[in-house]
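Below are the chains, spelled out letter by letter.
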Amino acid sequence: MKKEIFFVGVDDKTLDLFEGQYPISNGISYNSYLLKGSKNILMDTVDKRKTEEWLKKVEEALDGELLDYLVISHLEPDHSASIQKLCEKYPEIKLIGNSKTFAMLPQFYRQNEENQKIIVEDQTVLEIGDRKLQFFLAPMVHWPEVMMTYEIEEKILFSADAFGTFDVAESKEKWEKEARRYYYNIVGKYGLPVQNLLGKLKEVPIQKIYPLHGPVLTENLVYYLEKYRIWSLSEPEKDGVLVVYNSIYGNTKKAVEELEKILKEEGIEDVVLRDITRQDSSEILAEAFYYDKMIVAATTYDGGIFPAIENFLRRLKSKNYQKRTVGLIENGSWGPVAGKCMKEILEQMKEIIICEQMVTIKTSYEELQKEQMHLLVQELKESK
Ligand code: FEO
């Protein structure tokens with residue numbers, strides 16, 4: 001019996017928004033793997049949008065053999081939605097999961113009583129046919145029932161959502177950008193569980209990582225593991241300034257363009273301007289974590305903050321944005337309060353230095369603000 005691993009995942013290139021909110025311009029893959037040997041083991045299922053295409057791939061890879069086991073790494077529907085159809089097609093299949101998997105399973109597949117269930121605990125090793133699998137529970141990376149599987153002989157880590165990207169399986173070029181966006185938007189709130197997991201895996205000799213989205217990682221794993229270490233700690237990766245703004249009539253935009261000039265005159269080369277209403281906010285959120293400094297420029301709106309900026313700041317808070325320096329620019333024609341309101345949200349975050357110099361614009365950018373802008377840039381430069 002030849003031992004072989006088949007990729008039986010599928011790309012989804014027609015979904016508009018992943019999880020109903022994240023743009024995926026290049027599509028996304030739902031990965032699934034068939035471990036063939038004296039027993040055949042399937043790693044995860046796929047989103048219901050792709051069930052039939054995936055079942056066909058599994059059948060072709062089985063090539064007439066029986067399917068013996070399904071490992072359920074994660075129950076979010078992008079991976080669990082085809083469990084029922086799989087069990088109907090292969091009624092003898094045994095399910096492998098942890099106690100949380102099986103407590104939650106009826107929410108995703110009600111008629112599961114027929115299938116034998118094998119419950120594993122953290123670091124349980126199972127000998128299945130001619131393979132040895134070790135399971136690592138990874139609660140909250142990204143749901144409580146998540147677990148990873150280590151194929152001991154081939155040294156492969158099946159890593160669930162971790163190391164995944166907003167991208168199709170064949171695409172490696174954009175791994176860093178899309179994996180960062182995936183991490184901070186989807187898993188980012190759970191930095192501590194990711195650190196716990198990386199700690200558990202420290203002594204495990206991993207040679208390949210097979211995630212549930214995006215490409216299989218087979219080389220230079222130190223790079224990927226290091227990225228996850230940095231991201232889990234919410235550490236900045238780049239000295240530079242992200243400027244996030246909204247502009248109703250173009251005045252705040254003009255102000256941030258002036259700000260960009262001043263930043264560059266002062267020797268800060270890496271400056272990016274992002275219009276919160278016209279660019280993908282999940283990308284901007286990932287950039288906020290990438291850079292060590294940020295300036296937010298918002299108009300006052302309904303006695304508070306322009307809604308898209310307020311929403312962005314609240315999302316940063318929910319993703320545990322921390323360890324950064326932030327400057328503020330507010331605009332308001334008669335009662336500018338956006339700055340004060342933004343400060344109140346930022347003060348709820350950990351280790352955020354808020355520059356004392358706030359720039360206040362009354363409708364249009366004038367000489368007075370230029371002076372404030374210079375002071376803000378100086379303060380930002382001096383901040384570590
Ligand atoms: Fe890819 Fe948390 O699901």
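The coordinates are above.
Residues take numbers from 1 onward in each chain, read along the sequence in its written order. For a predicted model such as this one, the threshold for reporting local features is a pLDDT of at least 70, and the threshold for listing and counting side-chain atom pairs is 80 or more; totals across whole chains, interfaces and linings nevertheless cover every residue. Hydrogens and waters are ignored; side-chain quantities use all the structure's heavy atoms.

*Asks:* Please clarify how the sheet that holds strand 12 (residues 131-137) should be interpreted in this entry.
*Replies:* In any sheet, the strands associate via hydrogen bonds between backbone groups, in a parallel or an antiparallel arrangement. One open sheet accounts for 5 strands, arranged 11-12-13-14-15; its pairing is mixed. Of all strands in the sheet, those with a lone pairing partner are strand 11 (125-128) and strand 15 (208-210), marking the two edges. Sheet twist, expressed as the average angle between the axes of neighbouring strands with direction ignored, equals 25°. Of the strand pairs in this sheet, strand 13 (residues 147-151) and strand 14 (residues 156-158) are connected by 3 bridges, and their pairing is antiparallel. Looking across to strand 14, one finds that Tyr150 is bridged to Leu157. Note on contacts: a residue pair qualifies if any of its non-hydrogen atoms lie within 4.5 Å across the two residues. A fitted line through C-alpha atoms serves as each axis, taken over the contacting stretch for helices, and the angle formed by two N-to-C directions is quoted from 0 to 180°. The numbering of helices and of strands both runs from the N terminus, where a helix is a DSSP run of H or I of at least 4 residues and a strand a run of E of at least 2. In the packing of helix 6 (residues 191-201) onto the sheet, contacts are made with strand 12, strand 13 and strand 14, and the angle to strand 12 comes to roughly 145°. Being paired, for any two strands, means DSSP has found at least two bridges between them.

*Asks:* It is not clear to me how the packing of helix 9 (residues 281-290) against helix 10 (residues 307-318) should be interpreted in this structure. Could you clarify?
*Replies:* Helices that pack against each other are described as a pair by the angle of their axes relative to one another and the distance between those axes. Running from N to C, helix 9 and helix 10 point in directions that differ by 55°, and their axes come no closer than 11 Å. With respect to each other, helix 9 and helix 10 are oriented oblique. Considering only the axes of helix 9 and helix 10, their crossing is right-handed. Here helix 9 contributes Ser281, Ser282, Ile284, Leu285, Ala288 and Phe289 to the contact with helix 10, which in turn contributes Phe312, Arg315 and Leu316. Roughly parallel refers to an angle under 35 degrees, roughly antiparallel to one over 145, roughly perpendicular to one between 65 and 115, and oblique to any angle outside these ranges. The hand of a helix crossing depends on one turn: near helix anticlockwise from the far one by less than a right angle means left-handed, and clockwise means right-handed.

*Asks:* Teacher, can you tell me more about the layout of surface pockets here?
*Replies:* Picture a little ball the size of a water molecule; that probe, rolled over the atoms, points out where space is still empty. Only protein atoms enter the 1 Å grid used here. Points where a 1.4 Å probe fits but cannot escape make up a cavity, open sets with protein on both sides within 12 Å along at least five of seven lines make up a pocket, and a residue lines them when an atom lies within 4 Å of a point. Grid points are joined across faces, edges and corners, and a volume is the space filled by probe spheres set on the points. There is about 360 Å³ of room inside the largest pocket. What lines the largest pocket is a set of 17 residues, and nearest its centre among them are Ile248, Thr300, Gly332, Ser333 and Trp334. Of all the secondary-structure elements, those providing two or more residues to the lining of the largest pocket are helix 8 (251-265) and strand 18 (291-301). The biggest single contributor to the lining of the largest pocket is strand 18, with 3 residues. Among the residues forming the lining of the largest pocket, the class breakdown is 5 nonpolar, 11 polar and 1 charged. Here the second largest pocket defines a volume of roughly 290 Å³. For the second largest pocket, the lining is made up of 13 residues, of which Leu198, Gly199, Lys202, Leu225 and Arg229 are closest to its centre. Listed by contribution, the elements that provide at least two residues to the lining of the second largest pocket are helix 6 and helix 7 (221-232). With 5 residues, helix 7 is the single largest residue contributor to the lining of the second largest pocket. Residue composition of the lining of the second largest pocket, by class: 7 nonpolar, 3 polar and 3 charged. Residue polarity is assigned by list, with Asp, Glu, Lys and Arg as charged and Ala, Val, Leu, Ile, Met, Phe, Trp, Tyr, Cys and Pro as nonpolar; anything else, Gly included, falls into the polar class.

*Asks:* Explain the side chain of Thr51 here, please?
*Replies:* When you line up the elements, Thr51 lands in helix 1 (residues 51-62). In protein, a polar contact requires one atom able to donate a hydrogen and another able to accept it; more generally it is a pair of N or O atoms within 3.5 Å, and residues adjacent in sequence count only if both atoms are side-chain atoms. There is a polar contact of 3.3 Å between the side chain of Thr51 and the backbone oxygen of Lys48. Among residues more than four places away in sequence, those in contact with Thr51 are Val46, Ser82 and Lys85.

*Asks:* Can you help me understand unusual backbone geometry in this one?
*Replies:* As a rule of thumb, non-glycine residues mostly have phi less than zero, and peptide bonds are mostly trans rather than cis. A positive phi angle, near 50°, is found at Asn220, a position not held by glycine. Among the secondary structure elements, Asn220 is positioned in the loop between strand 15 and helix 7. Accessibility expressed as a relative area gives 55% for Asn220, which makes it exposed. Here the phi dihedral of Asn320 falls at roughly 60°; this positive angle occurs in a residue that is not glycine. Topologically, Asn320 is positioned in the loop between helix 10 and strand 20 (324-331). Buried, partly exposed and exposed residues are distinguished by accessible area as a fraction of the type maximum, computed with a 1.4 Å probe on protein chains only: under 20%, between the cut-offs, and over 50%, respectively. Residue Asn320 is classed as partly exposed on the basis of its relative accessible area of 33%.

*Asks:* Explanation requested: helix 8 in the structure shown.
*Replies:* An α-helical turn contains 3.6 residues, so any two residues separated by three or four positions project in the same direction. Helix length check: helix 8, at 15 residues, gives a terminal C-alpha distance of 21 Å against a target of 21 Å (1.5 Å per residue), a fit within 8%. Of all the positions in helix 8, only Thr252, Ala255, Val256, Glu258, Leu259, Ile262 and Leu263 are classed as buried. Down the axis, helix 8 shows its buried residues gathered within 155° of arc, on one side only. Its buried side turned inward, helix 8 meets strand 16 (238-245), strand 17 (271-275), strand 18, strand 20, strand 22 (359-361) and helix 12 (367-382). To estimate how far a helix should extend, the number of its residues minus one is multiplied by 1.5 Å. It is the directions from the helix axis to the C-beta atoms that the arc portrays.

*Asks:* In this structure, what is going on with the pairing of strand 11? I would like to understand it.
*Replies:* Regular strands show a simple pattern: their side chains alternate between the two faces of the sheet. Of the two faces of strand 11, only one is covered, namely that formed by Leu126 and Ile128; the face formed by Val125 and Glu127 stays uncovered. The sheet contact formed by strand 11 and strand 12 spans 4 bridges and is antiparallel. Along strand 12, the bridge assignment pairs Ile128 with Arg131.

*Asks:* Would you explain the nonpolar core in this entry?
*Replies:* One broad rule of soluble globular proteins: the nonpolar side chains tend to lie buried together. The biggest cluster of nonpolar side chains holds 90 residues, and the ones touching the most others in it are Phe18, Met294 and Leu316. Considering each element in turn, this core owes the most residues, 7 residues, to helix 5 (residues 175-187). We define a nonpolar core as any set of buried Ala, Val, Leu, Ile, Met, Phe, Trp, Tyr and Cys residues linked to one another through side-chain atoms lying within 4.5 Å.

*Asks:* What's the story with the sheet that holds strand 9 (residues 94-97) in this structure? I'm lost.
*Replies:* As summarised here, the arrangement of the 6 strands in space is 1-6-7-8-9-10, forming an open sheet in which the pairing is mixed. The sheet is open, and its two edges are formed by strand 1 (4-7) and strand 10 (117-119), each paired on a single side. When the angles between neighbouring strand axes are averaged without regard to direction, this sheet yields 20°. Two strands pair when backbone bridges link them, and strand 1 and strand 6 (residues 33-36) are joined in this way by 4 bridges, in the antiparallel orientation. When the bridges of strand 6 are listed, Glu4 appears paired with Lys36. Helix 1 contacts strand 1, strand 6 and strand 7 (41-43) of the sheet and is inclined by roughly 15° relative to strand 6.

*Asks:* Help me understand the packing of aromatic side chains in this model?
*Replies:* We call Phe, Tyr and Trp rings a pair once their centres come within 6.5 Å, taking the six-membered ring for Trp, and we label the pair stacked below 30 degrees between planes, edge-to-face above 60, and tilted otherwise. Applying the stated criterion to the full structure yields 23 aromatic pairs. Judged by centre distance (4.9 Å) and plane angle (75°), the ring pair of Tyr223 and Tyr224 falls under edge-to-face. The exposure class assigned to Tyr223 is partly exposed, which follows from its relative accessible area of 27%. A centroid spacing of 5.6 Å and a plane angle of 85° characterise the contact between Tyr301 and Phe306, whose relative ring orientation is edge-to-face. Given a relative accessible area of 37%, Tyr301 falls into the partly exposed group. When its relative accessible area of 15% is taken as the criterion, Phe306 is described as buried. Within the aromatic cluster, the residues linked to one another by ring pairs are Phe163, Trp175, Tyr183, Tyr184, Tyr223, Tyr224, Tyr228, Trp231, Phe289 and Tyr321. The ring of Tyr69 carries Lys94 above its face, with NZ or CZ at 5.5 Å from the centroid. The rule is short: NZ of Lys or CZ of Arg within 6 Å of the ring centre and within 35 degrees of the ring normal puts a charge over the ring.

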